[in-house]
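The residues making up each chain are set out below.
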Amino acid sequence: MENIIDMQKSPLIHSNERCCYFITSQRNLMSFFGAGMIVPSSSQFRYKEDSRQRFEGAIPFWKGGIPALKEKEDFSDKQRMVVVEYNIDDINKYGDKFIAVDNINLIVVNAPIPLSSVVTVYLDSDDAITDFVMRLPSDVIVEHKVFQVLPNIKVIEEEPLGKIKKVENIAPIVSFIDSFGGGLRALNQLNAFHLENISYISDLLLDCLEHFGYKALSSPLSYQLGCRTKITASAKRIIHRLLPILQEIKIEEGYDQFYILERLEASLQQEGGNLSAEVGEWLIYVKRVLDADIEAPILADDGDLFKRAILLFLLRPTLSRLKGSVDSSISPGPIVLSIAFFLAGYTDGLCRLGSEYKGYYEEFNQFTKSLIDSLWNNSEVVINISCLQQSDTSLSLVYELNNQALLQLPIQKVTILDRVFNLAKLAGYELIFDNEKQELLYKFNLEGGRHQIAYIEMMKPQVEGLDVVKLVSPCLDLSGSKLKALTKNVAVDFLKRNSSGSMFCSFAFSEKRQTIVVQSLQVVNSLSGEDFMTFLKNVAVVADEYERDILGKDYF
């Protein structure tokens, strides 16, 4: 067979030693574009033999040129052949300790390589490029500018390979990266769910990473929302057992919810012998719902949200069906729906995810690169959440994994208490958020072993653009019959204290707490965390001094 490179046609080009080339087929290229990365053959969706078959599935890159291919290699058909050009530095970066061969002409890596690092994808002709782009399925996104017609590239002589480093089976981690990425991309649909509470997202991501064996940590500097929705111990156990099952599903072969449930029950039983009564009852209930023995409930955002989301996923196991469930009789709440969306995206994985979830070519490939950078060859993952203010009324939370931004979710305008909570956190103070009363509190340890509690209460905005809170610390209990203690003389004494030139706060009666409190109003727009805590402590100290000097107590 004639060599694929005709050395007589034109002068040699692309012989730069920093360039390296991977040879594959158009069919494999479709899978690469679908996943946003080139992967070893054992990890590829619908693999068709190419140059990887010579290296136990690892990816060969020829340095500075390409070899003459043999007739028996099907992918050497020039009309269907694809040559992918990378810079050698990128291959070394991702190959790292997973390099199987490295000699003067060849480097073979057993690692995922992001498509965003591609220099050029070469096909035989302009017609071949046009034909390839036209034939792409809807779940594959690409831009025409990444392609060029295959030029004359330097033909290199292959050196004897010598000893090849044993190729590890990295399919499980590559499969997890693909699944986890699919779940993250599905979560982008939260933009349409109008969620007021997304505090559960970080727990969902942490648990997903932990199930695969990562040491998953939440950064102490993460932006904290006051309202917290946590995963229960039983739901966490179920999710840890469910995710590996979902990762193995081949969606092109269809879903079998009963098979998933059967495998889930078997996995839970293997974990620790007998199932807990709570989990066992839940499994029986889910099976009865799937069997239509009992009517599927309305899956509103109450009860155990994660268990409800798993039930929703089993009832509607695809992203399209989940979208349709909003107008159905089960009418899922937005939190339940969003968790089910993650599970469906996780099941699909990046490669098989629909194009509407992938977005634009460059953005999707940058996402995949960031995903690989955060998870590949790492044993520990730190999640950090930051708040991005895009306008006066638009805020987003940005989720970073190992400093790689992978998810950005819009949130309702952050409450003043959320802002105060994070101000104090940055200054080293951990305020306590009372969700029921919608207030913050802090317990001060004062001199002489005394203690004093202080509260931060919401105030209705009076002036547009100014965020005001009330700082409150109680000092005299007037609940029930104790109100009689508030005599005329005591009331006048409080008024005199308020008129003191050294008072930056005031005594007042709190109907909410049925106590005399020391209070102060503070504008928090431009305050630092240190300044805010200084004002809060001042209120607490004045209240404690009254308790100590007048009442001889340390009640509050």
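For clarity, every value in this text was computed on a predicted model and none was experimentally measured.

Enquirer: How should the sheet that holds strand E4 (residues 81–87) be read in this particular structure?
Expert: The strands making up a sheet associate through backbone hydrogen bonding, with each pair oriented either parallel or antiparallel. Spatial ordering of the open sheet is given by E5-E6-E3-E1-E4-E8-E9, a layout of 7 strands whose pairing is mixed. Sheet topology places strand E5 (99–102) and strand E9 (147–149) at the edges, where each strand pairs with a single neighbour. On average, adjacent strands in this sheet sit at an angle of 25° to one another, irrespective of strand direction. The pairing of strand E3 (residues 59–63) with strand E6 (residues 106–109) spans 4 bridges and is classified as antiparallel. Paired with Phe-61 across the two strands is Ile-107, which belongs to E6. Sheet contacts for helix H2 (residues 88–95): strand E1 (19–25), E3, E4, E5 and E6; angle to E4, the most-contacted strand, approximately 85°. Here helix H3 (residues 126–134) sits on the sheet and contacts strand E8 (120–123) and E9; the angle it forms with E9, its principal contact strand, is near 150°.

Enquirer: Any chance you could explain the packing of aromatic side chains here in plain terms?
Expert: Remark: the centre distance and the inter-plane angle together describe each pair of aromatic rings, the angle taken between the planes. In the structure shown here, the tally under the stated rule is 20 aromatic pairs. Seen from their ring centres, Phe-176 and Phe-212 are 4.5 Å apart, and the 10° between their planes marks the pair as stacked. Pair noted here: Phe-176 is in helix H4 (residues 171–187) and Phe-212 is in the loop between helix H5 (200–211) and strand E10 (215–218), with a separation of 36 residues, a long-range link. What makes Phe-176 buried here is its relative accessible area of 0%. Look at Phe-212 and you get partly exposed, because its relative accessible area is 27%. A ring pair is formed by Phe-176 and Tyr-346, whose centres lie 6.4 Å apart and whose planes are at 65°; its orientation type is edge-to-face.

Enquirer: How should the sheet that holds strand E17 (residues 468–477) be read in this particular structure?
Expert: Across the sheet, 6 strands lie side by side as E14-E15-E16-E17-E19-E18; this open sheet has antiparallel pairing. Strand pairing shows two members of the sheet lacking a second neighbour, strand E14 (432–434) and strand E18 (506–510), which therefore form its edges. Pairs of neighbouring strands in the sheet enclose a mean axial angle of 35°, with direction left out of account. Inspection of the sheet shows E17 paired to strand E19 (residues 515–523) by 9 bridges, in the antiparallel sense. Its bridge partner lying in E19, Val-472 is registered against Gln-519. Lying on the sheet, helix H16 (residues 529–551) is in contact with strand E15 (439–445), strand E16 (451–458), E17, E18 and E19; it crosses E17 at an angle near 15°.

Enquirer: It is not clear to me how unusual backbone geometry should be interpreted in this structure. Could you clarify?
Expert: With the exception of glycine, the majority of residues adopt a negative phi angle, and the majority of peptide bonds are in the trans configuration. Phi angles above zero are rare outside glycine, and Glu-56 is one such case at about 55°. The topology assignment puts Glu-56 in the loop between strand E2 (37–38) and E3. Positive phi outside glycine occurs at Asp-96, with the angle close to 45°. Tracing the sequence through the fold places Asp-96 in the loop between H2 and E5. Asp-96 sits in the partly exposed class, given a relative accessible area of 44%.

Conventions used here
Residues numbered from 1 in each chain as written. Predicted model: local features only at pLDDT ≥ 70, side-chain atom pairs only at ≥ 80, totals over all residues. Heavy atoms only, no water. Pairing = 2+ DSSP bridges. Helix = DSSP H or I, 4+ residues; strand = E, 2+ residues; numbered from the N terminus. Axes fitted to C-alpha atoms, helices over the stretch in contact; angles between N-to-C directions. Contact = heavy atoms within 4.5 Å. Phe/Tyr/Trp six-rings, centres within 6.5 Å; stacked < 30°, edge-to-face > 60°. Buried < 20%, exposed > 50% of the residue type's maximum accessible area, 1.4 Å probe, protein only.

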